Amino acid sequence: MVLIEEAALGGWGQRDSARVWHPFTQHQWGESPIPLVRGKGAYLYDADGKAYLDLVSSWWTNLHGHGHPVLVEAIASQAATLDHAMFAGFTHLPAIQLCEALATALPEALSRFFFSDNGSTAVEVALKMAYQYWIQKDEPERQMFLAFEGGYHGDTLGAMAVGRGCGFHDPFSTLFCEVLITPHAATWENDLDVEAKEAAALNKLDELLEAYGDRIAAFIAEPLIQGAGGMRVCRPDFLNAVVAKVKAAGVLIILDEVFTGFGRTGTDFALNQLAFVPDLLCLSKGLTGGMMPLALTVATQKIYHAFWGDSISQAFLHGHSYTANPIACAAALASFQLLQREDCIQQRKTLEATHHEGLAYLKAAVSSLCAPRIIGTIAAWNVFDPATDYSHPAGKTLRKAALAQGLILRPLGNTLYLVPPYCMPSTALLQAYHTLGHLMQQSF
């Protein structure tokens, strides 16, 4: 209670500002972070007892709500049994059981699971696997990568390189490997230009593949929706067409489902809505239900067997100190089991239906709203312009106003979105839409 009382008096803020460097924060602006003391269900609570509705699932990680008793019990039980052990030369049941469980929900070809810590490292692993794969297949000239414009894949060096098309990583561009950027045909409700955009994007892809196809190691994409790039949705048929062309050039396929996995797009994984199976699949965020850091890069047997050989140099020499942490694996297994329950499946359907109702209200109430789109439990729209502009003040304005009303948002410039935990009551989500509509009417 001493810490909570200090936070209520501003003590936490002073101590934080003296020592802590927060992510994606311009500290010169002097914005003080909100001191959180607990979470329950769809809500987080600050030191004064104020409740905040977590409309972004704590950076898209929290699937089942904060403090879910099943996950808490799984973590506590595992911590008391085996907290951690190095994963080189050892194994443990939580890791094995998790891989076996996920294999039941993934295409049969995706059968080898490599553990790491977060979404960025899962992508880093996939890029290194793809690069080394071609060296060991005696095609070392395949040293380039292909990625979508607007794609975001994390903040480590390789992940930044393939995310160079999003514009976040420009200061580091001289450090990047060679990456080709191909157009992404973003769309939304009643988009009359979508077919023309898709055709133009595919024509540009043809040009890139004609010039560089035999030098590309892998193509990486966030399937169906680009997250940090502006919640930009594309049609499944467009992505299918892109991948068909890329595969015809002999290029490996990496799907980054760090955001889209575990039910976010309406199916267990976004790839369930596509006509192909990737060579490599990246998973994190919702993997543990938002309770623990953990990531997986899932490979086909073709990729896995390329690393067999007489020399250790042919192995995949990559690892992390906390690879396959047993506590995180136990949380992930418990979260996956919750996802398969009928009540969770119904919760996701209810959220999608509520998004449609809420967005219909916003479209009628707010004249500045444009480019509305919904996919599964994700809803997004833009203010004034269908293109995402990260320098636009609309997001910052609405985020502050929403916080005052107990709503947590994380806008991307003029792109606003809701990614609620699956446990969020439809009444609370619908009320949030009405509150946001009122705030947007006042602000824009």
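Because the structure is a prediction, the values reported are computed rather than measured.

## Some words on the overall build of the protein
Part 1 of the argument: Summing up its helical and strand segments, the protein has 14 helices and 16 strands in all.
Part 2 of the argument: Its C-alpha atoms give the protein a radius of gyration of 22 Å, within 12% of the compact-globule value 22 Å for 444 residues.
Part 3 of the argument: Seen along its three principal axes, the alpha-carbon backbone of the protein occupies a region of about 65 × 60 × 45 Å.
Part 4 of the argument: Classification of the 444 residues of the protein by burial places 52% in the buried group.
Part 5 of the argument: Within the protein, contacts between residues separated by at least 24 positions form 72% of all contacts whose residues are at least 6 apart in sequence.
Part 6 of the argument: By element, 55% of the accessible surface of the protein is carried by carbon and sulfur atoms, the whole surface being about 19,500 Å².
Part 7 of the argument: Averaging the positions of the 29 positive and the 42 negative side-chain charges in the protein gives two centres separated by 3 Å.

## Some thoughts on the pairing of strand β3 (residues 51-54)
Moving residue by residue along a regular strand, the side chains alternate between the two faces of the sheet.
Part 1 of the argument: As paired elements, strand β2 (residues 43-46) and β3 share three bridges and run antiparallel to each other. Counted as the bridge partner of Tyr45 is Ala51 from β3.
Part 2 of the argument: Here β2 folds back onto β3, and the loop between the two strands holds four residues, one of which, Gly49, carries a positive phi near 90°.
Part 3 of the argument: When β3 meets strand β15 (residues 407-408), the two strands line up parallel, connected through two bridges. Opposite Leu53, over in β15, you have Leu407 as the bridge partner.

## Let's talk about the packing of aromatic side chains
Part 1 of the argument: For the structure on display, the rule yields 16 aromatic pairs.
Part 2 of the argument: Judged by centre distance (6.5 Å) and plane angle (40°), the ring pair of Tyr43 and Tyr45 falls under tilted.
Part 3 of the argument: Measuring from centroid to centroid gives 5.0 Å for Tyr133 and Trp134, while their planes differ by 85°, and the two rings are edge-to-face. Each member of the pair Tyr133 and Trp134 is classed as buried.
Part 4 of the argument: In this structure an aromatic cluster arises from ring pairing among Trp60, Phe259 and Tyr417.

## Re the environment of Glu31
Part 1 of the argument: Take Glu31: it is sitting in the loop between α2 (11-19) and β1 (36-40).
Part 2 of the argument: Each C-alpha atom of the pair Glu31 and Arg341 lies 41 Å from the other, and the pair is 310 residues apart in sequence.
Part 3 of the argument: Sequence-distant contacts of Glu31, defined by excluding residues within four places in its chain, comprise Lys396, Arg399 and Lys400.

## A short note on the pattern of salt bridges
Part 1 of the argument: Counted under the stated rule, the structure contains eleven salt bridges.
Part 2 of the argument: Across the pair Arg142 and Glu139 runs a salt bridge, and its minimum N-O distance is 3.1 Å.
Part 3 of the argument: For Asp343, the salt bridge identified is with Arg341, shortest N-O distance 2.9 Å.
Part 4 of the argument: On the accessibility criterion, Asp343 (38% relative accessible area) is partly exposed.
Part 5 of the argument: Given a relative accessible area of 39%, Arg341 falls into the partly exposed group.

## What to know about the sheet that holds strand β13 (residues 369-375)
Within a beta sheet, neighbouring strands are joined by backbone hydrogen bonds and run either parallel or antiparallel to one another.
Part 1 of the argument: Pairing is antiparallel across the open sheet formed by three strands, whose spatial order is β13-β14-β16. Edge positions in the sheet fall to β13 and β16 (415-418), since each of these pairs with one other strand and no more. Each adjacent strand pair in this sheet contributes to an overall mean axis angle of 15°, direction not counted.
Part 2 of the argument: Here β13 runs beside strand β14 (residues 378-383); their pairing, made up of five bridges, is antiparallel. Considered in β14, the bridge of Cys370 is made with Asn382.
Part 3 of the argument: With respect to the sheet, helix α14 (residues 426-443) is in contact with β14 and β16, its orientation differing from that of β14 by roughly 5°.

## Comments concerning the packing of helix α5 (residues 93-103) against helix α11 (residues 326-339)
Part 1 of the argument: With their axes 8 Å apart at the nearest point, α5 and α11 run at an angle of 30° to one another. With respect to α11, the element α5 is oriented roughly parallel. As for the relative orientation of α5 and α11, their crossing is left-handed in sense. Facing α5, whose interface residues are Pro94, Ala95, Gln97, Leu98, Ala101 and Leu102, α11 presents Pro326, Cys329, Ala330, Ala332, Leu333 and Phe336.
Part 2 of the argument: Its residues assigned to classes, the contact of α5 with α11 comprises eleven nonpolar, one polar and no charged.

## Considering the sheet that holds strand β10 (residues 252-256)
Part 1 of the argument: Ordered in space as β4-β12-β11-β10-β7-β5-β6, the seven strands form an open sheet in which the pairing is mixed. The open sheet is flanked by β4 (110-116) and β6 (179-182), the only strands paired with a single partner. Within this sheet the neighbouring strands show an average axis-to-axis angle of 20°, counted without direction.
Part 2 of the argument: Pairing analysis gives four bridges linking strand β11 (residues 280-283) to strand β12 (residues 295-300), with the strands arranged antiparallel. Of the residues in β12, the one forming a bridge with Leu281 is Val298.
Part 3 of the argument: Lying over the sheet, helix α6 (residues 119-136) contacts β4, β5 (144-148), β7 (216-221), β10, β11 and β12, oriented at roughly 25° with respect to β12.

Basis of the calculations
Each residue is numbered by its place in its chain's sequence as written, counting from 1. Predicted model: local features are reported for residues with pLDDT of at least 70 only, side-chain atom pairs are reported and counted for 80 or more only, and whole-chain, interface and lining totals are derived from all residues. The side-chain values count all of the structure's non-hydrogen atoms but skip hydrogen atoms and water molecules. Numbering goes from the N terminus for both helices and strands, where a helix is a DSSP run of H or I of at least four residues and a strand is a run of E of at least two. Here the radius of gyration uses the C-alpha set of atoms, whereas the globule reference equals 2.2 Å times the residue count to the power 0.38. Relative accessibility decides the category of a residue: with a 1.4 Å probe and only protein chains considered, values under 20% of the type maximum give buried, values over 50% give exposed, and everything between is partly exposed. The contact rule is simple, with two residues in contact once any of their heavy atoms fall within 4.5 Å. Surface accessibility follows the Shrake-Rupley procedure with a 1.4 Å probe radius. Residue values consider only the protein chains on display as shielding. A residue counts as positive if it is Lys or Arg and as negative if it is Asp or Glu; His and the chain ends are not included. Note on charges: their place is set at NZ of Lys, CZ of Arg, CG of Asp or CD of Glu. Criterion used throughout: strands pair if DSSP finds at least two bridges between them. Two aromatic rings from Phe, Tyr or Trp, using only the six-membered ring of Trp, form a pair when their centres are within 6.5 Å; if the ring planes differ by under 30 degrees the pair is stacked, by over 60 it is edge-to-face, and anything between is tilted. Take a side-chain nitrogen of Lys or Arg and a carboxyl oxygen of Asp or Glu: if they are within 4 Å of each other, that pair is a salt bridge. Only the contacting stretch of a helix is used when fitting its axis, a line to C-alpha atoms as for every element, and angles between N-to-C directions run 0 to 180 degrees. Convention used here: angles under 35 degrees read as roughly parallel, angles over 145 as roughly antiparallel, angles from 65 to 115 as roughly perpendicular, and any remaining angle as oblique. What makes a crossing left-handed is the near helix being turned counterclockwise from the far one by less than a right angle; a clockwise turn instead makes it right-handed. Polar here means any residue other than Ala, Val, Leu, Ile, Met, Phe, Trp, Tyr, Cys and Pro, which are nonpolar, and Asp, Glu, Lys and Arg, which are charged; Gly is therefore polar.

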